[in-house]
Amino acid sequence: MNHANAQPPEAVKLAASSHVHNSPHTDHDDDHEHDHPLNWREINRVIFVAAAAGAIWFLGGTTNPYITTLGVVCTLVGGFPIFHEAYENIVQRRMTMELSMAIAIVAALAIREIFTALVITLFVLVAEILEGLTVGRGRKAIQRLVDLLPNTATVRRNGAWTDVDIAEVSTQDVVLVKPGGRIPVDGQVVGGHSFVDQAPITGESMPVEKQAGASVYAGTINQSGALELRIERLGRETTFGKIIEAVETAEKSRAPIQGIADRLAGYLVYFALGAAVLTFLISHNIRSTISVVIVAGACGVAAGTPLAILGSIGRAAQQGSIIKGGLYLEKLGEVDTVLLDKTGTLTFGTPEVLDTCVASDSSSELLLQTAAIAESRSEHPIAKAILRRAAQLHLVLEDPAQFHYTPGKGIVATTAGNDEIIVGNQHFLIERGVPLTQGTNASVASGIFVARAGRFLGTLHIADTIRPEAKSAIQSLKSMGLRTVLLTGDAKASAEDVGKKLAVDEIASELLPEDKLQYVKQLAEKGHKVAMVGDGVNDAPALMQASVGVAMGSGTDVARESADVVLIGSDLSKLVDTLHTARRCRRTILQNFVGTLVVDSIGVGLAAFGFLNPLLAAFIHVTSELAFILNSATLLPSVRSANQFLRGILSQSASAGHRGQSVSSADAD
């Protein structure tokens, strides 16, 4: 049984070389013996108390003073952790279940119910072990994650390769990673050639070729050849380490509902002691009084709540998102409105040539080739889309002799043969005197008109493509009763086109960053719990203002730092899974709350009226609390899914590992 003020277990440490920061939430409870998984001292103590209880039972409750004294000694020795905990609680003026159980055991001894006292002690010790094993499951996945990093590294010292402890490696060293070895640091290849499996980091299904100048990440696996790496980051500074640290911090954080659970646990103890005093004053039955103290339990709430939060954070990481603390997990479970940025969130953020509308005397190849010639000197995203499509079709391009770009209108270029090429919007071609024989019905927002030597060739339809999972994710959000809103800085026509295809509930377009921020504020003032999902710098203010800010892992650094939840990669379906997990966590905690109140109320009533003896009261106490703790344990990641859990956490560093990249086109949204 955990205490009313118990904290989530402290996560394991990354490596000997890294500095470990103490959580401000960590208290003495984390150091108690029963917080650790199964050990022989606990097993021996249980066996000792069980043997003593069996001996007293075999002797048939004899009144022999020597046997009675021996039973009392066995109870005190076997129940030492309980009494020690109770003493500390008295010193700190805290009311916990350990204190109430210690009172019950002492009371049973006072009326010479030695067997009862031993059995209560046995139940409590067994419950402690089972709880420790259950909570320990929450640590195992992180421990396996830490174990992925090698403890040693092969470095060049005095002209020779030497294996040294990872704590002795510095950024001045060059590390050698042999085929099949796991890379221990973030660094740059300075020698060798190989293929590296970095699927856990970037999600790439195929090994990536690495040669001089390429970057590598800690935790990935070198497959074929040996690599020499110049170290750039070590320990906690690696992308790998930062993710572990983020998960550790999240595990140590306390959600508001956990504070409620702690207070409820304390109130239940006072309730049990008050009911016991009242029972004794009315009935003068000491056995009923002891039963009242014993039957009431709050550990199902006190221990089950942080366990549910811990398990949910771990499960969310397994599903593909990093929740930065219990507070945000709780808020996520209360969300009723989801605001979605368009570019980079619902769409890929890079325009593509979707279709061509060719004039009667032209062809698709000529149309695309002509446009690509004119766009070959442009850095505009639309130009890049046209050039990508031309490269896919292996079209031969010539370098334009002249090039002139008119912002907002288009390009005029001249070929070596003096053919004038005009690429731009509809009005630009009309201004240049080009007759538009076909394609005049093309959308001005997405149509790129192309002419060559005064002849209209046709139109290219270019637009940002919708992510394949976006539509099903929106439908899933709506099926959960959530209101979905498309929030974008794009033009109204473009926003409505995407919004209608995805069937969102509302569309708000042509919004500046401050407009998005104001939109979120207005919803909050109306009492809505808002989750904002975005990936660009312009989304940062809204992400911070929302009840929960959710950033796409492939987005900008600013968005990820501003957000409370970071989705691994750019799969919006992971948001749906995370919302389901958050709601399930909240539902599980409330089930534990209600169940504890019901069991305690009925149990105290039955005990007060003499329907429960101390042994049956102890059985009900332990059984109900373990049931609530196991209910919370269902949220822990499955042991069989440990590898998926590890991949989920590691994949977050795909975003962190590209810190030097320029801001994507999502920022224009």
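Everything numeric in this text was worked out from a predicted model, so none of it was measured. (Residues numbered from 1 in each chain as written. Predicted model: local features only at pLDDT ≥ 70, side-chain atom pairs only at ≥ 80, totals over all residues. Heavy atoms only, no water.)

Draft legend 1. Main features of the overall build of the chain. A tally of helices and strands in the chain yields 24 helices and 22 strands. Here the chain holds 669 residues, and the buried ones make up 54% of them. Once local pairs closer than 6 in sequence are excluded, the contacts in the chain between residues at least 24 apart make up 69%. Surface summary for the chain: the accessible area is close to 28,600 Å², and the carbon and sulfur share equals 57%. (Helix = DSSP H or I, 4+ residues; strand = E, 2+ residues; numbered from the N terminus. Buried < 20%, exposed > 50% of the residue type's maximum accessible area, 1.4 Å probe, protein only. Contact = heavy atoms within 4.5 Å. Areas by Shrake-Rupley, 256 points an atom, 1.4 Å probe, with all protein chains shown as cover.)

Draft legend 2. View of the packing of aromatic side chains. Taken as a whole and assessed by the stated rule, the structure comprises two aromatic pairs. Ring geometry for Trp57 versus Phe115: centroids 5.2 Å apart, planes at 40°, classification tilted. A residue pair is termed long-range when its members are at least 10 positions apart, and Trp57 in helix H1 (residues 40-58) and Phe115 in helix H5 (residues 114-147) qualify at 58 residues. For Trp57, a relative accessible area of 63% corresponds to the exposed category. (Phe/Tyr/Trp six-rings, centres within 6.5 Å; stacked < 30°, edge-to-face > 60°.)

Draft legend 3. Here's a closer look at the environment of Ala495. For Ala495, the position within the fold is in helix H17 (residues 492-502). Along the primary structure Ala495 and Ile507 are separated by twelve residues, whereas in three dimensions their C-alpha atoms are 7.1 Å apart. The residues contacting Ala495, other than those within four sequence positions of it, are Leu486, Thr488, Ile507 and Ser509.

Draft legend 4. Quick look at the sheet that holds strand E8 (residues 221-222). What the three strands build is an open sheet, ordered E6-E5-E8; its pairing is antiparallel. The open sheet has two edge strands with one neighbour each: strand E6 (208-210) and E8. Inspection of the sheet shows strand E5 (residues 194-197) paired to E8 by two bridges, in the antiparallel sense. From the neighbouring strand, Val196 faces E8, where its bridge partner is Asn222. (Pairing = 2+ DSSP bridges.)

Draft legend 5. Up close: helix H9 (residues 286-295). The buried count for H9 comes to eight of ten residues, which makes it a mostly enclosed element. When we look at burial in H9, the residues that qualify are Ser288, Thr289, Ile290, Ser291, Val292, Val293, Ile294 and Val295. Near the N-terminus of H9, the side chain that reaches the backbone nitrogen of Arg287, with its oxygen 3.0 Å away, is that of Asn285. (Polar contact = N/O pair within 3.5 Å; in protein donor to acceptor, adjacent residues only side chain to side chain.)

Draft legend 6. Seen up close, the packing of helix H11 (residues 304-319) against helix H21 (residues 573-608). Close contact between H11 and H21 brings their axes to 10 Å; oriented N to C, the two are set at 165°. In terms of their interaxial angle, H11 and H21 are classed as roughly antiparallel. The two elements H11 and H21 cross, and the hand of that crossing is right-handed. Contact with H11, carried on its side by Gly304, Thr305, Ala308, Ile309, Ser312, Arg315, Ala316 and Gln319, involves Lys574, Asp577, Thr578, Thr581, Arg584, Cys585, Ile589, Asn592 and Phe593 of H21 and no other residues of that element. (Axes fitted to C-alpha atoms, helices over the stretch in contact; angles between N-to-C directions. Parallel < 35°, antiparallel > 145°, perpendicular 65-115°, else oblique. Left-handed = near helix turned anticlockwise from the far one by under 90°.)

Draft legend 7. Representation of the pairing of E5. Across three bridges, the pairing between E5 and E6 is antiparallel. Bridging across to E6, Ser194 finds its partner in Lys210.

Draft legend 8. The environment of Glu209, seen in detail. Structurally, the position occupied by Glu209 is in strand E6. According to the relative accessible area criterion, Glu209 is partly exposed, its value standing at 42%. A sequence separation of 13 residues divides Glu209 from Val196, and the C-alpha atoms of the two residues are 6.5 Å apart. Every residue in contact with Glu209, bar those within four places of it in the chain, is listed here: His193, Ser194 and Phe195. Polar contacts involving the side chain of Glu209 include one to the side chain of His193, which spans 2.5 Å.

Draft legend 9. Focus on the side chain of Thr75. Along the polypeptide, Thr75 turns up in helix H2 (residues 65-78). Take Thr75: its relative accessible area is 0%, and that puts it in the buried class. From its side chain, Thr75 meets the backbone oxygen of Gly71 in a polar contact 2.8 Å long. Ignoring any residue separated from it by four or fewer positions in sequence, one finds Thr75 in contact with Phe83, Ile105, Leu109, Ala117, Leu118 and Thr121.

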